[in-house]
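Descriptive structure summary
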Amino acid sequence: MATNETWETTSNVSVGENSSLTPEQYRKKMQRRKEIQEQRVAQASTEKGLIIINTGNGKGKTTAALGMVLRSLGHGYKVAIIQFIKGAWEPAEKNVLGIWQGDLLEFHALGEGFTWETQDRDRDIEKAVAAWQKALEYICNPNYKLILLDEINIALKLGYLRTEEVLAGLEQKPYDTHVILTGRGAPQALIEQADLVTEMTLVKHPFRDRGIKAQPGIEY
């Protein structure tokens, strides 16, 4: 089994250090890295469906998830996208992905927009519960390889859904089905259950720092 030291050896590359090596030293170092990487791949377990979380205050959580959606569609896998909060929008990605609609892709925008726009908690909860019930249909369907639950973490953070209920639902997925959950504020219990967790870190934002509005092609 690969150790933490092995992982650091294969992942940390110092440009300055490599530039000081002779061609022969560099070749030997890269050969060693290749051997370690091949060993890690050989020792890895067989493929399985992953629970994937994209969270954090930084931008790009849904965008990263849509990259996986495109990969899955490119392999001919069936995909379902359920939007929990941003359903009131008409995102450009929906137009692009529409070419797969009804064949490989099911797209359900079941939210009604940001909570400060709806201003109706009971209706927000009703919509979130309906979205979760629709999501469960796909999660339990072995014909679907990838399920994207967009902004579900927000629904959990706001108390529209119970974390325990979502965890129980995820346990029902077929062995080789992948599920992506996006949105800031992912609950710790969900993070612990997940196989892959990425936290987007906000360094600078055009609206917050420079008063620049959301723009087509960037935010929607």
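Here the structure is a predicted model, which is why all the values come from computation and not from measurement. (Residues numbered from 1 in each chain as written. Predicted model: local features only at pLDDT ≥ 70, side-chain atom pairs only at ≥ 80, totals over all residues. Heavy atoms only, no water.)

1. Some details on the sheet that holds strand β6 (residues 196–199)
- If you walk across this open sheet you meet the six strands as β3-β2-β4-β5-β1-β6, and the pairing is parallel. In the strand order of this sheet, the two ends are held by β3 (105–109) and β6, each with one partner. Across the sheet, the mean angle separating the axes of adjacent strands is 10 degrees when strand polarity is ignored.
- With four bridges joining them, strand β1 (residues 51–55) and strand β5 (residues 178–182) adopt parallel strand pairing. Paired with N54 across the bridge in β5 is T182. (Pairing = 2+ DSSP bridges. Helix = DSSP H or I, 4+ residues; strand = E, 2+ residues; numbered from the N terminus. Axes fitted to C-alpha atoms, helices over the stretch in contact; angles between N-to-C directions.)

2. As for helix α4 (residues 61–74)
- Between its first and last C-alpha atoms α4 spans 20 Å; for 14 residues at 1.5 Å apiece the expected length is 20 Å, and the two agree.
- Within α4 the residues assigned to the buried category are K61, T62, A65, L66, V69, S72 and L73. Down the axis, α4 shows its buried residues gathered within 120 degrees of arc, on one side only. Of the exposed residues in α4, the ones pointing more than 90 degrees away from its buried face are T63, R71 and G74.
- Residues of α4 that are buried in the fold lie against β1, β2 (78–83), α5 (92–97), β3, β4 (144–150) and β5.
- Where α4 terminates, the next one or two residues include G76, which has phi positive at roughly 85 degrees. (Expected span 1.5 Å × (residues − 1). Buried < 20%, exposed > 50% of the residue type's maximum accessible area, 1.4 Å probe, protein only. Arc of directions from axis to C-beta. Contact = heavy atoms within 4.5 Å.)

3. So, helix α7 (residues 121–139)
- For α7, built from 19 residues, the straight-helix expectation of 27 Å at 1.5 Å per residue is met to within 8% by its first-to-last C-alpha distance of 26 Å.
- If you check which residues of α7 are buried, you get D124, A128, A131, W132, A135, L136, Y138 and I139. Buried residues of α7, seen end-on, are gathered within an arc of 155 degrees and therefore sit on one face of the element.

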